[in-house]
Amino acid sequence: MMELETMYQCLGISSQVLSYGKSIEDSLKERFEAIDARAEYNQMKVLKAMQDNRVSDIHFAATTGYGYNDLGRDILENVYASVFHGESALVRPQLISGTHALHIALSGNLRPKDELLSPAGKPYDTLEEVIGIRDSVGSLKEYGVIYRQVDLLSDGTFDYENIKKALNEKTKLVTIQRSKGYDTRPTFSVKQIGELIAFIKNRKPDVICMVDNCYGEFVETIEPTDVGADMIVGSLIKNPGGGLAPIGGYIVGRKDCIDRASYRLSAPGLGKEVGASLGLNQSFYQGLFLAPTVVAGALKGAIFAANIYEKLGFFVVPNGSEERHDIIQAISFGKPEALIAFCQGIQAAAPVDSFVTPEPWDMPGYDAPVIMAAGAFVQGSSIELSADGPLKPPYAAYFQGGLTWYHAKLGILMSLQKLVEKNMVTI
Ligand SMILES: *Cc1c(COP(=O)(O)O)cnc(C)c1O
């Protein structure tokens, strides 16, 4: 222990901050054990899928150009379909982000005059322009897709009465966002999503239920496809890429839905048959293999941060003791200096660009300056330890990721160290 303390001191963590962290960590033993047990189950789930699909080293070979007969790509898609219990999957580097994958899933499955319904309130920011909630060139609205939204009730639950009213003969697709993202509503459990899907399918069996699964993969032992979702969609630079995927997105689900999405991604008539994997397959397989443990580390970090800052009197969402359904942690600091110090601490703990001091800047599309900490191997990767927040009340930092628990722990201790040094908290 003595040696470890010295090592933390070399990194800039005082013994006072370290022992405060240790007291919090000691109180979380049981919760961490539960997270490890889920990770073990999910690790076995991923391994079984790889074995059942006879993954072999020839699948790591690179293809170029059209990518006809890209065996590694096809088997990877079968592995994703097996892991998430779907009929088919589209897992591609050509899906450049979560937003892009969601756009392809939506635009591939909706036709002019169809209605798209969001029964969980306003979707993630970037989806506003995809759908056309905010006018945007090329939005679904420009193609004649009608959008309806039913807001959540004030307690964060589904407004079943109004969802029933919103469903009609034109409703083609229902989009459900699992994670709160950077909103203040609760994240839904897979069970809650299953209840919502059952309610919707009971009234309209032919409607396509799609779940935006971003930040939710491997947090639980079941996924939305296990409770009736026709499609789940996510980003490979979040949970399922395990930190190793340098780009990519996935869509898993019913074969006809995936096929329609694939005709939108490449071209009608081509679909899944084309698209070279360019040598990225090994990272995709290996990242998926590591994902359950990486997610476990990120979850421990989120819970550790919640408990540290909750005990110091800050407002944290989710709170220190509640069950988790995604990896995001929000901490409200109440004043700009504390938010800035927190983000600077996360940056200072990074393996990449630790010497850089993040400053708030006027980011396009935001109504207040934003501060971001990201010392990541992959640009924008939010399964890696990262934090950001807008410089406006309540001065909340949104914190997520950490490829290992030990790194997430250092990041949080470093953030606390910065706050202590600036006399913004006393421990
Ligand atoms: C991150 C995220 C997205 C968008 O993914 P990008 O890869 O950033 O485009 C969509 N929905 C939710 C809930 C997310 O967390």
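Look up a bit, the structure's there.
All of the points below concern the structure found in this document. (Residues numbered from 1 in each chain as written. Predicted model: local features only at pLDDT ≥ 70, side-chain atom pairs only at ≥ 80, totals over all residues. Heavy atoms only, no water.)

### Regarding the overall build of the chain
Heads up, the condition is: Elements are defined by DSSP. Helices are runs of H or I of four residues or more, strands are runs of E of two residues or more, and each kind is numbered from the N terminus. Put simply, the radius of gyration uses C-alpha atoms, and a globule should come to 2.2 Å times the residue count raised to 0.38. Only protein chains enter the accessibility calculation, which uses a 1.4 Å probe; a residue is then buried when its area is under 20% of its type maximum, exposed when over 50%, and partly exposed in between.
Within the chain, the secondary structure is distributed over 12 helices and 12 strands. Since a compact globule built from 427 residues should have a radius of gyration of about 22 Å, the 22 Å found for the chain is in line with a globular shape. The principal-axis extents of the C-alpha atoms in the chain amount to approximately 65 × 50 × 40 Å. With 427 residues in all, the chain has 56% of them scored as buried.

### Looking at the packing of aromatic side chains
Stated formally: Centre distance within 6.5 Å is the pairing criterion for rings of Phe, Tyr and Trp, where only the six-membered ring of Trp is used; planes under 30 degrees apart are then read as stacked, over 60 as edge-to-face, and the remainder as tilted.
According to the stated counting rule, one finds 20 aromatic pairs in the structure shown. With 5.5 Å between their ring centres and 5 degrees between their planes, F84 and Y250 make a pair best called stacked. Of this pair, F84 sits in the loop between α4 (71–83) and β1 (88–92) while Y250 sits in strand β7 (residues 249–253); the two residues are 166 residues apart in sequence, bridging distant segments of the chain. By relative accessible area, F84 is classed as buried at 0%.

### A short note on the site of the ligand
The condition that has to hold: Think of it this way: one heavy atom of a residue within 4 Å of a molecule or strand is enough to make that residue near it. For the purposes of these results, a polar contact is taken to be a pair of N or O atoms within 3.5 Å, where, inside protein, one atom must be able to donate a hydrogen and its partner to accept one; residues adjacent in sequence count only when each atom of the pair is a side-chain atom. Methods summary: accessible areas were calculated by the Shrake-Rupley approach with a probe of 1.4 Å, and residue burial reflects only the protein chains presented. Gly falls in the polar group here, along with every residue not listed as nonpolar (Ala, Val, Leu, Ile, Met, Phe, Trp, Tyr, Cys, Pro) or charged (Asp, Glu, Lys, Arg).
Near the ligand the following residues occur: S97, G98, T99, L102, Y124, Q177, D212, C214, Y215, S235 and K238. Note that a nitrogen atom of the ligand is positioned 2.6 Å from one of the side-chain N or O atoms of D212. Protein coverage of the free-state accessible area of the ligand, which is 380 Å², stands at 89%. Considering each element in turn, the shell around the ligand owes the most residues, three residues, to helix α5 (residues 98–109). Classifying every residue of the shell around the ligand gives four nonpolar, five polar and two charged.

### Focus: the pattern of salt bridges
To keep it simple, the criterion reads: Any carboxyl oxygen of Asp or Glu within 4 Å of a side-chain nitrogen of Lys or Arg constitutes a salt bridge here.
Per the counting criterion, the structure on display carries 26 salt bridges. The residue E129 makes a salt bridge to R134 at a minimum N-O spacing of 3.6 Å. Each of K122, D125, E128, E129 and R134 takes part in salt bridges that share partners, so that together they form one network.

### Considering the environment of N162
Relative to the helices and strands, N162 is located in helix α7 (residues 160–166). Separated by 13 residues in sequence, N162 and Q149 have C-alpha atoms that sit 9.6 Å apart.

### A closer look at the packing of α5 against helix α9 (residues 255–265)
Two quantities define a packed helix pair, namely the angle between the axes and the distance from one axis to the other. For clarity, the threshold we go by: Here an angle of 0 to 180 degrees is reported between the N-to-C directions of two axes, which are lines fitted to C-alpha atoms, with helices fitted over the stretch in contact. By the definition adopted for this analysis, an angle is roughly parallel if under 35 degrees, roughly antiparallel if over 145, roughly perpendicular if from 65 to 115, and oblique otherwise. Should any heavy atoms of two residues lie within 4.5 Å, those residues are considered in contact.
At a closest axis distance of 8 Å, the pairing of α5 and α9 adopts a crossing angle of 110 degrees. Taken as axis vectors, α5 and α9 run roughly perpendicular relative to one another. Contacts between α5 and α9 involve H100, I104, A105, S107, G108 and N109 from the former and C257, R260, A261, R264 and L265 from the latter. Of the residues assigned to the contact of α5 with α9, the class counts are five nonpolar, four polar and two charged.

### Regarding the pairing of strand β9 (residues 329–332)
Here is the rule: When DSSP finds at least two bridges between two strands, those strands are taken to pair.
Across the two faces of β9 the burial is the same, with Q329 and I331 and A330 and S332 all buried. Note: strand β8 (residues 315–317) against β9, three bridges, orientation antiparallel. Among the inter-strand pairings, V317 is bridged to a residue of β9, identified as A330. Strand direction decides the pairing type here: β9 and strand β12 (residues 396–400), joined by four bridges, are antiparallel. When the sheet's bridge partners are listed, S332 is paired in β12 with A396.

### Things to note about the packing of α4 against helix α10 (residues 281–311)
Definition in use: In this scheme the crossing of two helices becomes right-handed for a clockwise turn of the near helix relative to the far one and left-handed for an anticlockwise turn of less than a right angle.
Axis separation between α4 and α10 bottoms out at 10 Å; the angle between their running directions is 20 degrees. Considering the angle they form, α4 stands roughly parallel to α10. Handedness of the α4/α10 crossing: left-handed. Side by side, α4 and α10 meet where G72, R73, I75, L76, V79, Y80 and V83 of the first sit next to N281, F284, Y285 and L288 of the second.

### A closer look at the sheet that holds β12
Judged by pairing direction, the sheet is antiparallel, and its five strands sit side by side in the order β8-β9-β12-β11-β10 without closing on themselves. With partners counted over all chains shown, the strands left at the sheet margins are β8 and β10 (370–374), one partner each. Averaged over all pairs of adjacent strands, the angle between strand axes in this sheet comes to 15 degrees, irrespective of strand direction. Contacts from helix α11 (residues 336–348) reach β9, β10, β11 (386–390) and β12, with the element oriented near 20 degrees to β10.

### Let's talk about α10
To be explicit about the condition: By this rule, a helix spans an expected 1.5 Å times one less than how many residues it contains.
Helix length check: α10 (31 residues) gives 44 Å between terminal C-alpha atoms against 45 Å at 1.5 Å per residue, within 8%. Counting buried positions over the 31 residues of α10 gives 23, a clear majority of the element. At the exit of α10 stands G313, carrying a positive phi of roughly 95 degrees.

### What to know about the sheet that holds strand β3 (residues 146–149)
Each strand in a sheet pairs with its neighbour through backbone hydrogen bonds, running either in the same direction (parallel) or in the opposite one (antiparallel). Read from one edge to the other, the open sheet built from seven strands follows the order β1-β7-β6-β5-β4-β2-β3, with strand pairing classed as mixed. The two strands at the open ends of the sheet, each matched to only one other strand, are β1 and β3. The mean angle between the axes of side-by-side strands here comes to 20 degrees, regardless of whether they run parallel or antiparallel. Inspection of the sheet shows strand β2 (residues 115–118) paired to strand β4 (residues 171–177) by three bridges, in the parallel sense. For L116, the partnering residue across the bridge sits in β4 and is L173. Running at roughly 125 degrees to β1, α4 makes contact with β1 and β7 of the sheet. α5 contacts β2, β4, β5 (208–212), β6 (231–235) and β7 of the sheet and is inclined by roughly 155 degrees relative to β6.

### Some words on the side chain of Q400
Looking at the secondary structure, you find Q400 in strand β12. Looking at Q400, its side chain comes within polar contact range of the side chain of Y182, at 3.2 Å. One polar contact links Q400 to S386, side chain to side chain, over a distance of 2.9 Å. Not counting chain neighbours up to four residues away, the residues in contact with Q400 comprise Y182, Y215, I327, I328, S382, E384, L385, S386, A387 and D388.

Limitation: the analysis is restricted to geometry and does not speak to function.
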